[in-house]
Structure formats: C-alpha cells, structure tokens
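# Remarks on the overall topology
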Amino acid sequence: MNLIYYPGACSLADHIALIEAGLSYRLISINHGKKTQDGRDFLSINPKGYIPALELEDGTVLTENQVILNYIAETSGRLLPEDRLLRWRVLEALAFMSSEIHPRYQPFFRDFPEPEKARAREKLAQAFAILADQMGDRTFLVGDELTIADCYLFWVLMVAPRSGVELPDRLRRSLDRMRALPSVIQALAEEGLG
Ligand SMILES: N[C@@H](CCC(=O)N[C@@H](CS)C(=O)NCC(=O)O)C(=O)O
C-alpha cells in the first residue's frame, strides 16, 4: 500500500502506525503544487486535496486519519485493545483529537490574525488538559499498550509548540517517551526529519 504524505504533517501518525503494525508500505510524498513524487495529480487521487491518503493494492483510496489508522489496526490485528470499552475509548480519543485539536492548529499553520490565534490557544489548552486527565499516570492514552490513538497523539503533541501553548507535564512526558520509540525514530528519519 502507498501512504501519500507530506513530511512532518499529520500523515506522520499513519506512518508510525504502519511501522508499529508491521505492515509493508511505500511512501509517496506530495509537493505544494499537489503533485505526487511519482508525477501524479494528487487531486485525482484525493479530491479533498489533503493528506493523508492510503492507496491500497487494488487501487482503493482511503482518506481521513481516523479511518486510515483504523484500517491499519484492523488489517494488522494490532494497535487496538482487546477490551471492547477500551476500543471505544480509542475511537473517542481519535475523534476528539481530529475535531477539537487538529483544526485548531490552522491559525498557526496559515498565520491567521492574532484574535483567531488567541481563541485557538484557549481551546487547545482546554483540550490538552482533558487529554492529560485521561492519560493519568499511565504510559499510553488508552489502556496499557500503544494504540493508534498514541500514534495520532504523538503528531498532535509534536506540533503543539507552533501554537505557543505549553503542554501539561503528563503530555510532555508522553511526547518524550514516544519520540524515543524505534518506530517514531524510523518514521521521522524516513520523512527526512531525523
Ligand atoms: N480531515 C482530515 C484533515 C487532514 C489535514 O488537515 N491534512 C493537512 C496536513 S496536517 C493537509 O493536507 N493540509 C493541506 C491542505 O489543506 O491543503 C484528516 O483528519 O485526515
């Protein structure tokens, strides 16, 4: 399968998950003109125009981080807890990060006016506090093992400094732990960010 990505963008979550899941994959980057590294028009692959996109061997294209992460987990049989309630908690955390955190980075990625940045900072600080509470003193966001929620969390925390919002201690420790994982080191290196 092909993961279409941009270095350091949210597709990093799927990249880490692919490595953790032990699935084989090819990476295909896109440029700012939305051309893929192998010369295709990205909009013909994903008309939404944003990464990540996962191209399966039969040509099927999956989009949306939450869906791609779940596809990786289901295909590999890894990265989701056995316990049903904990599985719902993973989906809940993915939905929360996807809808309440990820879009709040827009003002910083695209340099919006300061009042919009200030509103986003407030919301981000609230959301980080909720995630820190949820994590408690555990190593991972849900349950006792790394799940697809942690893969997404890593990217969410990695880019937090761009917003200027300070991470709660628990999340800062989680970021440091994740950064030391072989899968994360490999993913960053493969994206040229080592
Ligand atoms: N709803 C999408 C959003 C993905 C997204 O925002 N991707 C960003 C990179 S982190 C992107 O490709 N932005 C480029 C653009 O919007 O043109 C998801 O959750 O996967």
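Residues numbered from 1 in each chain as written. Predicted model: local features only at pLDDT ≥ 70, side-chain atom pairs only at ≥ 80, totals over all residues. Heavy atoms only, no water.

### As for the pairing of strand E1 (residues 2–5)
Burial along E1 is two-sided: the face carrying Asn2 and Ile4 and the face carrying Leu3 and Tyr5 are both buried. Sheet analysis places E1 next to strand E2 (residues 26–29), joined by four bridges and oriented parallel. The partner of Asn2 across the bridge, within E2, is Arg26. In this fold, E1 hands off to helix H1 (residues 11–21), which returns the chain to E2; that crossover is right-handed. (Buried < 20%, exposed > 50% of the residue type's maximum accessible area, 1.4 Å probe, protein only. Helix = DSSP H or I, 4+ residues; strand = E, 2+ residues; numbered from the N terminus. Pairing = 2+ DSSP bridges. Right-handed = clockwise from strand over helix to strand, strands pointing away.)

### Observations concerning the nonpolar core
Judged by nonpolar contacts, the single largest core of 69 residues is most densely connected at Met97 and Phe128. Top element by residues in this core is helix H7 (residues 148–158). It accounts for ten residues. Discounting residues that sit within four places of it in the chain, Phe128 has contacts with Ile101, Tyr105, Val156, Leu157, Ala160, Val165, Leu167, Pro168 and Leu171. (Core = buried A, V, L, I, M, F, W, Y, C linked by side-chain atoms within 4.5 Å. Contact = heavy atoms within 4.5 Å.)

### Describing the site of the ligand
Near the ligand the following residues occur: Cys10, Lys34, Tyr50, Ile51, Pro52, Glu64, Asn65, His102 and Arg110. Here an oxygen atom of the ligand sits 2.8 Å away from a polar atom, N or O, in the side chain of Lys34. Within the side chain of His102, an N or O atom sits 3.4 Å from an oxygen atom of the ligand. Alone, the ligand offers 510 Å² of accessible surface; in the complex the protein occludes 74% of this. (Near = heavy atom within 4 Å. Polar contact = N/O pair within 3.5 Å; in protein donor to acceptor, adjacent residues only side chain to side chain. Areas by Shrake-Rupley, 256 points an atom, 1.4 Å probe, with all protein chains shown as cover.)

### Considering the sheet that holds strand E4 (residues 61–63)
As summarised here, the arrangement of the four strands in space is E2-E1-E3-E4, forming an open sheet in which the pairing is mixed. One side of each edge strand has no neighbouring strand; the edge strands of this open sheet are E2 and E4. This sheet shows a mean twist of 25 degrees between the axes of neighbouring strands, independent of strand direction. Across the sheet, H1 lies against E1 and E2, angled at about 150 degrees from E1, the strand it touches most. (Axes fitted to C-alpha atoms, helices over the stretch in contact; angles between N-to-C directions.)

### Some details on the domain arrangement of the protein
Bring the parts together and some accessible area is lost; that lost area is often taken as the interface size. Domains assigned within the protein are domain 1 (2–77 + 184–190) and domain 2 (84–181). Domain 1 and domain 2 are separated by 20 Å when their C-alpha centres are compared. Tallying the contact residues gives 16 residues for domain 1 and 17 residues for domain 2. For the domain 1 face of the interface with domain 2, the top three residues by lost area are Gln66, Leu69 and Val184, together amounting to 33%. Here domain 1 is connected to domain 2 by five residue pairs in polar contact (both at pLDDT 80 or more). The set of elements that each furnish at least two residues to the side of domain 1 that touches domain 2 consists of H1, helix H3 (65–76) and helix H9 (182–190). For the side of domain 1 that touches domain 2, a count of residues per class yields eleven nonpolar, four polar and one charged. (Domains from an automatic or database assignment. Buried area = accessible area lost by both parts, 1.4 Å probe. Nonpolar A, V, L, I, M, F, W, Y, C, P; charged D, E, K, R; others polar.)

### Section: the pattern of salt bridges
Enumeration over the complete set of coordinates arrives at ten salt bridges. Linking Arg40 and Asp38 is a salt bridge whose minimum nitrogen-to-oxygen distance equals 3.1 Å. Here Arg40 falls in the partly exposed class, since its relative accessible area comes to 29%. Using a relative accessible area of 43% as the deciding quantity, one classes Asp38 as partly exposed. The structure contains a network of salt bridges with shared partners spanning Asp38, Arg40 and Glu55. (Salt bridge = Lys/Arg side-chain N within 4 Å of Asp/Glu carboxyl O.)

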